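The residues making up each chain are set out below.
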Amino acid sequence: MEEIRVSVDEETYVSVLRLCEWKRGVEEGNRVYSRIAKSITHLSIRLGNALLSMFVRFDNLIDAWFVFGKMSERDIFSWNVILGGYAKSGFFDEALNLYHRMLWVGIKPDVYTFPCVLRTCGGIQDLSRGKEIHVHVIRFGFESHVDVINALITMYVKCGDVYSARLLFDKMRKKDRISWNAMISGYFENEEFLEGLNLFLLMQSLEVQPDLMTMTSVISASELLGDEKLGSAIHGYVIKTGFCADVSVNNSLIQMHCSVGNLVAAENLFCRMKVRDVVSWTAMICGYEKNEFPNKAVESYKQMVVEGVNPDEITIASVLSACSSLGLLDTGIKLHKLANRARLIQYTIVRNTLIEMYSKCRLVDKALEVFKQIPEKNVISWTNMIFGLRFNNRSLEALKLFRQMKSSLKPNLVTLVAVLSTCASLGALMCGKEIHAHVLRSGLDLDKFLPNSLIDMYVRCGKMGYAWVQFEMYEKKDVSSWNIMLTGFAERGQVKQASDLFRRMTVEGVTPDEVTFIALLCACSKSGMVNEGREYFNIMKNLYAITPNLKHYACMVDLLGRAGFLQEALEFIEDMPLKPDPAVWGALLNACKIHKNIELGELAAKYIFEMDSESVGYYLLLCNLYSAVGRWCGVASVRKIMSENGLTVDPGCSWVEVKGSVHAFLSGDESHPQIKEIKGVLEGLDERMNKASSEILGSASLIDKAETSRADIFCGHSERLAVGFALINTVPGMPIRVTKNLYMCGSCHNTMKFISKIVRREITVRDTEQFHNFKDGICSCGDEGYWRKLSE
């Protein structure tokens, strides 16, 4: 007709538009609309409604609104269609405004109007406007219409008013299955599971047959309740009533069984399914991943691909999480490429799990690249990236990212836990206090991990007093809370405080775990309390039936070795029921370094390098042993082996917090804007130190690394720069807290003692081994590990 230019009447246009709508012919529908726009100036109600219905079906609200505006007249169908289109697309405020505009122009709503408007009120959870619409329902005489009352029930439960919903439900003279489903699912959505299950039983007693929606809703409730017996009973009911033939019901059952950890039942059901869709496979993969069987999750995904089922965004996210746990970088990269090809990368959940996967596989820059590409970052995106930076020892960047996040999004509890861990690693006390204040101001729930994270932050920032206050305030202490405090005392060698706390812990009925005894053994080791350490080791085995693991054995070797019982430590290793790992031999090597026992140290190193030839720390221990006895050829030999194996020592880095900001100082880095002032302060202190009494040793230059003792080649001395910066930028008398990534050498240790005495400041340095609190020229460690080296 177009080709031969035959005029087309309105009825023909209407028929063709309905066909385009039915067949989802978007391109054809647009062609017809273009023809109509050229030939017809004013749209009639019939033709306008046909265009409106088609464009709304195509989710094309722009053209729908244009058509609505061009219509010379509109009826209730016109308003219902455009209102429903906006509501369906999530433009709830616009939909409600259209409803009120419809009333204003004098159009009376019908039975199709109210369900749409009420669905809108439920979508924005606006109970007051929903009640207003309820009044309109009564005013216009639809209070007895089943579809309208069902919509009212749904609105009330979506807005959290289950009581009003149940009143409406009970007053209904005639209920259909939608009524029952709306009320049952409403109870479940509002976590009133028992009420929902009781209503389901009432439904059965009245011989109202459930449908697929009823069953999936009840199964989901069983999943949320986590009741395995209830889940098995519902599974039996599904088989009895014949719903087991439906894929969606079986998928819900798989999810339910996996949620309660019954993977055997989930696997049996999955294997019996004749038809498995992407949801079936994803449910099984998610089940394996959530129940800590990442290997099976990856294997199931590979089988899914073999069977030709295309994954969706949830599948990709679940498999990526499994790859994160297993460190399967190659598989993760392939999934990233697949997500790009299948356009699943647009889903934030996929990008979030990619951030987690790359971070755990030590490709944090790749994770940052994915993070920056997310157009609308949610709180999980930010939290995963902060965790990723923290996990890869880039805590300063994590802290900056958190400050950036706060300007656009409110952090949740998981984010705060991540940032508190970051503050703890940097020793950023002021930032940690800010987060604590934020928690108190926000009235956040102090359950789960947050209280322990606060205690841990204060402990690791050197504020045991603050940590103790938080510990005492926290009523629901779990074993982790006690362990954090015990570890804090252990790091400081405060064995009496640790022992007293352990006794109180047992009196209050808290059962100690493996970590508890690691802390106690470490405390005894640092204090040289050998007999007490042996007693705790025996109590752990005999009284609490805890089988010692390799960490406990390493602690015992460290305890004996530090106290000078090197031969007994060796015999202890030889009598171990477990094969000693590098950490056990490393404890002996460290003891040999302290007591300068070359022969035994070389034996320990031999066993270590047979099992682990890539960990730099053990090479450094051996170097320190050789340097302690002046065997510089041995140092050179070890460094040559490290060079041949491509092993490098991390540069010394120290962090200091000044006025709420954390500043990092790398060894040998002179890029800091205040480096001249820092050098000036340190050189002045160096001169005063050189002129001091002969009791102060270690007169090497504080700045020139080349002049330091060869025994200190792996220190880096970065803590001196941090202290110098703090002296310039803080008021006299203010304590200085420094965190260092390496072990502090004897020269730096003496320098800190001297500075604390001269400037009359308390200086705390936390290195990789322990806390050093310098005050009036005395260190809290009692010069342990340094006096022997300096006595030469």
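Remember, it's a predicted structure, so these values are computed and weren't measured experimentally.

## What about the overall build of the protein?
- Per the secondary structure count, the protein includes 42 helices and 6 strands.
- For the protein, the C-alpha radius of gyration of 35 Å lies well beyond 28 Å, the compact-globule estimate for 792 residues.
- Residue burial in the protein is summarised as follows: out of 792 residues, 50% are buried.
- Per element, the accessible surface of the protein, about 38,600 Å² overall, is 52% carbon and sulfur.
- Charge separation in the protein, taken as the distance between the mean sites of 90 positive and 92 negative side-chain charges, equals 3 Å.

## Observations concerning helix α6 (residues 92-104)
- Across its 13 residues, α6 extends 19 Å between first and last C-alpha, which sits within 8% of the 18 Å expected from 1.5 Å per residue.
- All of the buried residues in α6 are A95, L96, L98, Y99 and M102. One side of α6 holds all its buried residues, which, seen down the axis, span an arc of 155 degrees.
- G106 lies just past α6 and shows a positive phi near 95 degrees.

## Considerations on the packing of aromatic side chains
- Applying the stated criterion across every chain yields a total of 26 aromatic pairs.
- A ring pair is formed by F537 and F572, whose centres lie 6.0 Å apart and whose planes are at 70 degrees; its orientation type is edge-to-face. Remark: F572 occurs in helix α34 (residues 566-574) and F537 occurs in helix α32 (residues 530-542); sequence separation between them is 35 residues.
- With relative accessibility at 6%, the residue F537 sits in the buried group.
- Through a chain of ring-to-ring contacts, three or more aromatic side chains come together here, namely W65, F68, W79, Y86 and F91.
- If you follow K175 out to its NZ or CZ, it ends over the ring of F169, 5.0 Å from the centre.
- The ring of F270 has R276 sitting right over it, with the charged end atom 4.5 Å from the ring centre.

## Things to note about the packing of helix α35 (residues 582-595) against helix α37 (residues 616-628)
- For the pair α35 and α37, the least separation of the axes is 9 Å and the interaxial angle reads 20 degrees. In terms of orientation, α35 and α37 fall into the roughly parallel class. Our pair here, α35 against α37, has a crossing hand that is left-handed. Taken together, the residues of α37 that come into contact with α35 (itself represented by P582, A583, G586, L589, N590, C592 and K593) are Y618, L621, L622, N624, L625 and A628.
- Split into classes, the residues belonging to the contact of α35 with α37 amount to 9 nonpolar, 3 polar and 1 charged.

## Focus on the side chain of R390
- Looking at the secondary structure, you find R390 in helix α23 (residues 379-391).
- Comment: no salt bridge for buried R390; closest opposite-charge side chain is D456, at 7.3 Å.
- Of note is the side chain of R390, whose polar atom sits 3.3 Å from the side chain of S421.
- Excluding residues that lie within four positions of it along the chain, R390 makes contacts with S395, A398, S421, T422, S425 and R460.

## Re the pattern of salt bridges
- Scanning all chains against the criterion turns up 25 salt bridges.
- Salt-bridge contacts for R129 lead to D93; the nearest nitrogen and oxygen are separated by 3.7 Å. Placement of the pair is R129 in helix α8 (residues 127-139) and D93 in helix α6, with a sequence separation of 36 residues.
- The partner of E508 in a salt bridge is R504, and the shortest N-O contact between them spans 2.9 Å.
- A relative accessible area of 44% places E508 in the partly exposed class.
- One connected set of salt bridges, linked through shared partners, spans D365, R394 and E397.

## Side note on the domain arrangement of the protein
- One can read the domain layout of the protein as domain 1 (548-649) and domain 2 (654-688 + 712-779).
- Spacing between the C-alpha centres of domain 1 and domain 2 amounts to 29 Å.
- The interface is formed by 9 residues belonging to domain 1 together with 4 residues belonging to domain 2.
- Taken over both partners, the interface formed by domain 1 and domain 2 buries close to 520 Å², and the fraction arising from carbon and sulfur atoms is 66%.
- Of all residues in domain 1, L620, R639 and V649 give up the largest surface area on contact with domain 2, accounting jointly for 46% of the area buried on that side.
- Inspection of the domain 1/domain 2 interface yields 0 salt bridges.
- The interface formed by domain 1 and domain 2 includes 0 residue pairs in polar contact (both at pLDDT 80 or more).
- At the level of secondary structure, the elements contributing two or more residues to the side of domain 1 that touches domain 2 comprise α35, α37 and α38 (632-644).

Basis of the calculations
- Residues numbered from 1 in each chain as written.
- Predicted model: local features only at pLDDT ≥ 70, side-chain atom pairs only at ≥ 80, totals over all residues.
- Heavy atoms only, no water.
- Helix = DSSP H or I, 4+ residues; strand = E, 2+ residues; numbered from the N terminus.
- Rg over C-alpha atoms; globule rule 2.2 N^0.38 Å.
- Buried < 20%, exposed > 50% of the residue type's maximum accessible area, 1.4 Å probe, protein only.
- Areas by Shrake-Rupley, 256 points an atom, 1.4 Å probe, with all protein chains shown as cover.
- Lys, Arg positive; Asp, Glu negative; His and termini not counted.
- Charge placed at Lys NZ, Arg CZ, Asp CG, Glu CD.
- Expected span 1.5 Å × (residues − 1).
- Arc of directions from axis to C-beta.
- Phe/Tyr/Trp six-rings, centres within 6.5 Å; stacked < 30°, edge-to-face > 60°.
- Lys NZ or Arg CZ within 6 Å of the ring centre and 35° of its normal.
- Axes fitted to C-alpha atoms, helices over the stretch in contact; angles between N-to-C directions.
- Parallel < 35°, antiparallel > 145°, perpendicular 65-115°, else oblique.
- Left-handed = near helix turned anticlockwise from the far one by under 90°.
- Contact = heavy atoms within 4.5 Å.
- Nonpolar A, V, L, I, M, F, W, Y, C, P; charged D, E, K, R; others polar.
- Salt bridge = Lys/Arg side-chain N within 4 Å of Asp/Glu carboxyl O.
- Polar contact = N/O pair within 3.5 Å; in protein donor to acceptor, adjacent residues only side chain to side chain.
- Domains from an automatic or database assignment.
- Buried area = accessible area lost by both parts, 1.4 Å probe.

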